[in-house]
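Residue-level structure breakdown
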Amino acid sequence: MTVVSQPISALSDADAVAKVVDSLTDPRWDFRTLEGIAKESGLAPETVREVLAAHPDLFANSPVPDEHGRELYRLRERGKADKDFLRRLRMYVAKDV
């Protein structure tokens, strides 16, 4: 299966946010690199960077980089109740529609 990275102009902001959120909810990872998020989401790294920067209410970066010096990211809500986070995400996405 070939993954084609999509530029932000090809997606709505809500679609791009949803793809980044999906990548960051993977229980195998506490933190993800920008490259890992891009690979899993199918978004271009520049798009992922834009989404992360545009939504500091949803995403946080680690104060400590990985062993290669790359920034690490997680969902702000990652330790809170999933139900509350999903409710807020649905409200956020609905307001963009």
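Residues numbered from 1 in each chain as written. Predicted model: local features only at pLDDT ≥ 70, side-chain atom pairs only at ≥ 80, totals over all residues. Heavy atoms only, no water.

1. Topic: the overall build of the protein
Along the protein, the regular secondary structure elements total 4 helices and 3 strands. Walking the protein from its N terminus toward its C terminus, one meets helices and strands in the order α-β-α-α-β-β-α. For the protein, the proportion of its 97 residues judged to be buried stands at 37%. Put simply, of all contacts in the protein between residues at least 6 apart along the chain, 56% involve residues at least 24 apart. Split by element, the accessible area of the protein, about 6300 Å² in all, is 55% carbon and sulfur. (Helix = DSSP H or I, 4+ residues; strand = E, 2+ residues; numbered from the N terminus. Buried < 20%, exposed > 50% of the residue type's maximum accessible area, 1.4 Å probe, protein only. Contact = heavy atoms within 4.5 Å. Areas by Shrake-Rupley, 256 points an atom, 1.4 Å probe, with all protein chains shown as cover.)

2. Some remarks on the nonpolar core
Residues V17, V20, I37, V48, L52 and F59 are the most contacted members of the largest nonpolar core, which totals 18 residues. Listing elements by their share of this core, those giving two or more residues are α1 (13–24), α2 (34–41), α3 (45–54), β3 (72–75) and α4 (82–96). With 5 residues, α1 is the largest single contributor of residues to this core. For L52, the contacting residues outside a window of four places in its chain are V20, L34, I37, F59 and Y73. (Core = buried A, V, L, I, M, F, W, Y, C linked by side-chain atoms within 4.5 Å.)

3. Describing the confidence of the model for the protein
In the predicted model, the protein carries a mean pLDDT of 83, and the fraction of residues at 70 or more is 77%. α2 holds the highest mean pLDDT among the elements of the protein, 97, whereas α4 holds the lowest, 70. (pLDDT = per-residue confidence, 0-100.)

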